[in-house]
Amino acid sequence: MKRLFILLLFSIGVVSTKAQTNISGNIVDTKGRVIPGANVFIKDTYDGMTSDNDGNFSFSTTETGEQVLTVSFLGFQNWEKKIILSNTEVKVKVVLKEAISELKAVTIAAGAFEASDEKKMVMLRPLDIVTTAGAAGDIYGAIQTLPGTGVVGEKEGLYVRGGDASEAKTFIDGLLVDNPYFSSVPDVPQRGRFSPFLFKGTSFSSGGYSAQYGQAMSSTLILETQDLPDKTSTNIGLMSVGASAGHTRLWKKTSVGVYVGYTNLAPYFALVKQKRDWNRAPLSENASFSIRHKTSKGGIIKSFASATWSKLNVFFPDTTDPLLEKQKEFDLGNFNFYSSLSYKEILFKNWTLYTAASLSFNKDNIQIDEYPIKHENNLFESRLTLSRTLGELSVIRFGGEYQKPYDKNWLPVFSLAFKETYAAIYAEGDFYITPKLVTRAGLRAENSEILNKTNIAPRLSLALKTGAYNQFSLAYGDFYQAPQKEYLLSYSSFDFNFEKASHYILNFQHISDYRTFRVETFYKKYSDLVRTFNSTANNSGFGYATGFEFFYRDKKTISKTDFWISYSFLDTKRIFRDYQIETMPTFSAKHTASLVIKYFIPKISLAPSLTYVYSTGRPYYNPNNPVFLGDRTKDYHNLSLNFSYLTSIKKNFTVLVLSIGNVLGIENVYTYYYSSDGSRRMPVGPTPPRFIFAGVFINIGSQADDSDKFN
Amino acid sequence: MKKSIFYLLLLLASAVYSQDAKYVQAMEKNIAILDSATIPASFQNANNTFERIGNANPKEWLPLYYQAYCHTMIGMRQEENSKKDEHYDKAEILLISADSLSPQNSEIFAMKAFLTGMKISVDPMTRGQQLGMKSSMYNSQAVQYDKENPRAYLIRGTALMYMPAQYGGGRDNALPVLEQSVEKFKNFKPTSSIMPHWGEARAMQMLEQCKNMK
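This is a predicted model, so every value here is computed, not measured. (Residues numbered from 1 in each chain as written. Chains lettered and ligands numbered in written order. Predicted model: local features only at pLDDT ≥ 70, side-chain atom pairs only at ≥ 80, totals over all residues.)

### Quick look at the overall build of chain B
A tally of regular secondary structure across chain B gives 9 helices and 0 strands. For chain B, the succession of helices and strands along the chain, N to C, is α-α-α-α-α-α-α-α-α. C-alpha atoms of chain B, sized along the principal axes, occupy 75 × 35 × 30 Å. Residues counted as buried form 45% of the 214 residues belonging to chain B. Of the contacts formed within chain B by residues at least 6 apart in sequence, a portion of 59% connects residues at least 24 apart. (Helix = DSSP H or I, 4+ residues; strand = E, 2+ residues; numbered from the N terminus. Buried ≥ 20, exposed ≤ 12 C-beta atoms within 10 Å, placed from the backbone. Contact = placed C-beta atoms within 7 Å.)

Here it is, written out as C-alpha cells:
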C-alpha cells in the first residue's frame, strides 16, 4: 500500500521535474531578410514563441525525445523539422519559402483584359462595365474603351487590331454565341443581346488567347454567367425606352430567375428628331429564364434560356439612284432564341469536369422595298473539358468542342442552305516553373466538314513576374477561321481553306491597389484570306497588323475619382475580299484613344462619369480617286456623359440614370455613299447625333431587410 | 487497497482535469494579452499563442475564433490592400474551420459579419453590394442563434453606420441597433472565462460617434 503511494508520488515528481531543453535560432526568408512575428513551436504542444524583431527566437521545453519543430507565418509555407530533445541546446536556422498563392503568382496576361469580382489582380470589375458612360449598359460599348479596339460607328461588332468584326467571337460559359448582337440594320449599329448583369466575369482577349477557343482570328470575348445569387431579389427598371422586371428566388442550393423586358423607341423618336425616317421605331420584347443548382461544394448546374422578338422599319439611301435622293424601305422582324445548359463538377481530388451544350435559333424576316429576304440560322454546340491541377498552381486541360450550324436563306428567286459540322480537340497546360515564371502551351486541332480541311493550331505564352506588381508576358499563337458563310455559299463550287492569323505579343503590366499600367506591342500576320475576283474566289489574300497600346488606370491620384486612359497605334494593310491592292482596310484607324472618368460625390450620392473617344479617320471608297481606299474620313470625336444618382424608394435601393451620348452633337462621318456615277456623295454618320437615355432601376431585397431581427 | 484505488482514481481525474485546466489557463492568459493588444505585433504574438493552443487542442473552436479576430485586427492596421486581404482571407479560412467544429454558433457568425464588413472597407465601390448582403446575412444568423449576443448588434450597428442610406444604412438606422448593443453588453455574462467578451468599450464609442453623425 505504502509502496504504491510512494510510487505514485514518485511518478508525479518525475513529471514535475522533467528536464528542460532550450531551442533557439533565427528565421529568414529565401532572400535572407529576417522574419519577425513568425510562430515557432513544438508540434502539438503549447511550447513555443513568436520570433522577435531580428527574427530570433529562444525558448525552452520540457518535452523529450523526437519532436517536430514547426514554424508558421502568414504568406509563407509551413516549415517543419524533426529534432531530438535531450537536454542539450538545439540551434536551428530557419529559411521560410514564400507561400504559393494565386495572388502572388504570375498570370498569363498577354492580350488579356479581365473583369472579375473573384480574382484580385484584374484591371476591371464587372461593375466598371455597367457604369462606363457612353456604353449605355452594353458590354461591347464598355469593351470599346479598352486598347486594341477600333471605332466603327456604322456597324456593330468588335474591331480588334486591324481585324474585322467577324474575326471577334463571343463565348458564354465556353459556348460560341452565333448572334451576340441584335440583327443588323443598314448603318445603325446594334447593341449586344445580353445584359451585363448576367455575368460575373468578362474576359476580353485582343490576341494570343487559349487553345480552348478557336475560329476567331482577332479576338475573343469570354463571358461567365453568375453563380447562385446571395439572396432572393426583384429588379424593376423604368426607362425612357421601355421597361424591365426580373425576379430571382433563392432556395438553399437552387435558384430560379425570370426576366422580362420591353423596349420601344417610338416615344423617344417622336420627341427627338432623327436623321433617318422611321416607319416603325425599334421595338423588342424579351423573356428569359434561368435555373442554377449547386450540386456540391465545387459543382454547379446552370441553365439559361432567352427569347427575343423585335421589329423595325426604316428608310435608307438607295445608292443606285444617281441623285442619291431615293430611299429604300428596310423592314425587319426578328426572333431569337438562345438556350444553354452547363455542368461543372470536381470529380476526384485533382480533376474537374466541365461540360456544356447550347441550342440557338435566329430568324430574320427582312423586306427591302418589295423584295423579301428570309434568313434562319441554328446552332447546336457542345463542349467537354477535363482539367487536372498539378501541385499548387499548374493545371492541364483537355477536351473537345462540337458545333453543328444549319442556315437557310430565302432570296427572292432562290434559296441557299448552309450545313456544317465543326469539331475541335484541344490540350493545354499552364506550367508554373516557379511561382514567378509560367508557361502556357496548348495545341488545338480543328476540322471543318464543309471545307473538308483540318488544321493544327499551336499556342504558347510565357509570363515572368519581375516584382510584386510587375510582370512581362510573351505570347505566340496560330488562329484559324473558316471563311464567312456568304463566301462559302456564293462561291460554293470553289475549294476553300481556313483563313489564318499568327499573333506575336509582348506585354508589360503593373497592377497595384490603385494603379494599373499596361503596355503591349504586337505583330499579327494574316494569310489565306478569302479573295474574290469576278466570278471566282480563293484563299490568296494576306496582310498584317502591327502596333502598340497603352492603358493606364488610376483610382488614387485624384480624390474620389477613378479614370483610365487607353491609346492604340495601329499599322495594318491587307488584300482580301474584293480588294485590288494591299491597303489599309475600311475598319481600321491609325490612332485611337479613349478617356473614361468616374467621379463620386458621396454627400449627394451622385456619380457623374465621362467617356471621351477619339480616333483618326478611316479609309473609305471614293470612285473618283484612282487610289483604291486612298481617302480618309475626318477624325472622330465622341464625348458621353452619365449621371447616376443613388437613392432609396421605400427602403429599396434605387438608381436614377441619365445618360447622354455624343453630348457635343459632333457630326461624325463613318464613311460615304457615292452615287453610281460617282458625282454625288452622302456621309454616313450616327443616326441621332445625340442620344439621351433616362431610367430608374429599383432593386427590392438587396438592402438590409433584417431590421425586424434587430428590433 | 481500497484507498490505493481511490488515490489512483484521484490521480487519473487530476490528470484529465489538468489537461483541461492547462487549456483554460493558457487561453485565459492569452486572452488577457489580446485584451491589451493595440499594435499589429502584439496581435501577431497573441495569434501565434492561439495557434499553438489550437494545434494542441484540435477540437476546440475558440483558439480558431480568436486567431480570426487577431488576423482581422492585424488586417485593419495594414496600409496595403493586398496585405489587408491576405489577413482577411486567412481569418475567413479560420472561421470556416471554427464553424465546422461548432455549427450555428452566434459568436462565429458575428465574427464572420465583422470580417465581411472589413473586407468591404478595402474596396467599398466594388465589394459593397455583394458582400454587404453577405455581411447582413451572417449578422442575421448571429442574432438567430443568440438573441442576446451584444457583439452581433455592435457589428450590425457599425455596418449600418458606414452603409449609405440608400442601402438601408445611415445614422437613423444604425442608432437603435447600437443602443441595443450597449444595453445587451450591460446584461452580458460570458458563460465561461474564455468565451468572447470583447466589444463593450467599442460599442459605447460607436454609439457616441453615431449620435454625433449628421
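### Considering the overall build of chain A
Helix and strand content of chain A: 6 helices and 39 strands. Dimensions of chain A, computed from C-alpha atoms along their principal axes, come out at roughly 125 × 65 × 45 Å. For chain A, long-range pairs separated by at least 24 residues make up 59% of all intrachain contacts whose partners lie at least 6 apart in sequence.

### Some details on the packing of helix H5 (residues 106-122) of chain B against helix H7 (residues 150-162) of chain B
Two numbers describe a pair of packed helices, the interaxial angle and the distance between the axes. Residue and element names in this part refer to chain B. Where H5 contacts H7, the two axes come as close as 9 Å, and the packing angle between them is 20°. In terms of orientation, H5 lies roughly parallel with respect to H7. Crossing handedness for the pair H5 and H7: left-handed. Residue-level contacts link Ser-106, Glu-107, Ala-110, Ala-113, Phe-114 and Gly-117 of H5 to Arg-151, Ala-152, Ile-155, Thr-158 and Ala-159 of H7. Its residues placed into classes, the contact of H5 with H7 shows 6 nonpolar, 3 polar and 2 charged. (Axes fitted to C-alpha atoms, helices over the stretch in contact; angles between N-to-C directions. Parallel < 35°, antiparallel > 145°, perpendicular 65-115°, else oblique. Left-handed = near helix turned anticlockwise from the far one by under 90°. Nonpolar A, V, L, I, M, F, W, Y, C, P; charged D, E, K, R; others polar.)

### Digging into unusual backbone geometry
All names here are of chain A. Even without being glycine, Asp-44 reaches a positive phi, approximately 65°. Mapping Asp-44 onto the fold places it in the loop between strand S2 (39-42) and strand S3 (48-50). The exposure class of Asp-44 is partly exposed, given the 15 C-beta atoms found within 10 Å. Backbone geometry at Asp-173 places phi at a positive 50°, although glycine is not the residue there. By the secondary structure assignment, Asp-173 is in the loop between strand S9 (168-172) and strand S10 (175-176).

### Thoughts on the nonpolar core
A:Ile143, A:Leu158, A:Phe171 and A:Leu221 are the most contacted members of the largest nonpolar core, which totals 58 residues. Setting aside chain neighbours within four positions, we find A:Ile143 in contact with A:Thr149, A:Leu158, A:Phe204 and A:Leu221. Within the second largest apolar cluster, 51 residues are counted, among which are B:Leu64, B:Tyr66, B:Ala152 and B:Leu154. (Core = buried A, V, L, I, M, F, W, Y, C linked by C-beta atoms within 7 Å.)

### Let's talk about the pairing of strand S19 (residues 351-368) of chain A
Every regular strand shows the same layout, with side chains that alternate between the two sheet faces. Residues and elements named next belong to chain A. Pairing of strand S18 (residues 327-346) with S19, which is carried by 17 bridges, proceeds in the antiparallel orientation. Counterpart to Lys-344 in the pairing with S19 is Tyr-354. In terms of strand pairing, S19 meets strand S20 (residues 371-390) through 18 bridges, oriented antiparallel. Across the sheet, Leu-353 pairs through a bridge with Leu-386, a residue of S20. Hairpin connection, S19 to S20: the antiparallel pair is bridged by 2 residues, and Asp-369 has positive phi, about 50°. (Pairing = 2+ DSSP bridges.)

### Comments concerning helix H2 (residues 40-56) of chain B
Taking 1.5 Å as the rise per residue, H2(B) with 17 residues should run 24 Å; its terminal C-alpha atoms sit 24 Å apart, in good agreement. Where burial is concerned, most of H2(B) is hidden: 13 out of the 17 residues are buried. (Expected span 1.5 Å × (residues − 1).)

### Some remarks on the packing of H2(B) against helix H3 (residues 62-76) of chain B
Residues and elements named next belong to chain B. Contact geometry of H2 with H3 gives a least axis separation of 9 Å together with a crossing angle of 160°. With respect to their mutual orientation, H2 and H3 come out roughly antiparallel. The crossing of H2 and H3 is left-handed. Residues Pro-40, Phe-43, Gln-44, Ala-46, Asn-47, Phe-50, Glu-51, Ile-53 and Gly-54 of H2 lie in contact with H3, whose contacting residues are Pro-63, Leu-64, Tyr-66, Gln-67, Cys-70, His-71, Met-73 and Ile-74. Taken together, the residues of the contact of H2 with H3 break down into 11 nonpolar, 5 polar and 1 charged.

### Points about the sheet that holds S3(A)
Residues and elements named next belong to chain A. Taken in spatial order, the 4 strands make up an open sheet running S3-S2-S5-S6, and their pairing is antiparallel. Bordering the open sheet on either side are S3 and strand S6 (79-85), each of which pairs with just one other strand. Strand-to-strand, the axes of this sheet are offset by a mean angle of 15°, without reference to chain direction. Sheet topology note: the strand S5 (residues 65-72)/S6 ladder contains 7 bridges and is antiparallel. Residue Thr-70 lies in a different strand from S6, and its bridge partner there is Glu-80.

### Concerning the environment of B:Gly117
Residue and element names in this part refer to chain B. Among the structural elements, Gly-117 can be located in helix H5. Given 23 C-beta atoms within a 10 Å radius, Gly-117 is considered buried. Sequence separation of Gly-117 and Gln-166 is 49 residues, and the distance between their C-alpha atoms is 17 Å. Not counting residues up to four positions away in its chain, the partners in contact with Gly-117 are Ser-135, Ile-155, Thr-158 and Ala-159.

### Thoughts on the confidence of the model for chain B
Do not read the fine detail of predicted coordinates wherever pLDDT is low. Residues and elements named next belong to chain B. With 91% of its residues at a pLDDT of 70 or more, chain B has an overall mean of 89. When pLDDT is averaged over each element of chain B, H3 comes out on top at 97 and helix H1 (residues 2-35) at the bottom at 75. Quick note on the complex model: pTM equals 0.85, ipTM equals 0.87. (pLDDT = per-residue confidence, 0-100.)

### What to know about H3(B)
If you check H3(B), its first and last C-alpha atoms are 21 Å apart, about what 15 residues at 1.5 Å a residue would give, namely 21 Å. Of all the 15 residues making up H3(B), 14 are buried; the element is thus mostly covered by neighbouring parts of the structure.

### Overview of the environment of A:Gly257
Here A:Gly257 lies in strand S15 (residues 254-264). The contact partners of A:Gly257, leaving out residues within four places of it in the chain, are A:Gly246, A:His247, A:Thr248 and A:Ser290.

### Things to note about the sheet that holds strand S4 (residues 56-61) of chain A
All names here are of chain A. An order of S4-S1-S7 is seen for the 3 strands of this open sheet, with the pairing classed as mixed. The sheet is open, and its two borders are formed by S4 and strand S7 (90-96), each paired with just one other strand. When strand polarity is set aside, the average angle formed by the axes of neighbouring strands in this sheet is 25°. In the sheet, strand S1 (residues 21-29) pairs with S4 via 6 bridges, with the strands oriented antiparallel. The residue of S4 that forms the bridge with Asn-22 is Ser-60.

### A look at the pairing of strand S25 (residues 453-465) of chain A
Residues and elements named next belong to chain A. Bridge analysis of strand S24 (residues 437-448) against S25 gives 12 bridges, and the strand direction is antiparallel. Bridge pairing links Thr-439 to Leu-462 in S25. With antiparallel pairing between neighbouring strands as the criterion, S24 and S25 make up a hairpin whose turn holds 4 residues, including Asn-452 at a positive phi of roughly 55°. Following S25, the chain reverses through 4 residues before pairing antiparallel with strand S26 (residues 470-481).

### Re the confidence of the model for chain A
Confidence in the prediction of chain A, expressed as mean pLDDT, is 90, and 96% of residues score 70 or more. Across residues 9-16 of chain A the pLDDT falls below 50, and counting only partners more than four positions away or on other chains, this stretch makes 0 contacts in the model.

### As for the environment of B:Pro150
All names here are of chain B. Along the chain, Pro-150 falls in helix H7. Its 23 C-beta neighbours within 10 Å are what place Pro-150 among the buried residues. Between the C-alpha atom of Pro-150 and that of Leu-175, which follows or precedes it by 25 residues, the distance is 14 Å. If sequence neighbours within four positions are ignored, Pro-150 has contacts with Ser-181, Lys-184, Phe-185, Phe-188, Gly-199 and Ala-203.

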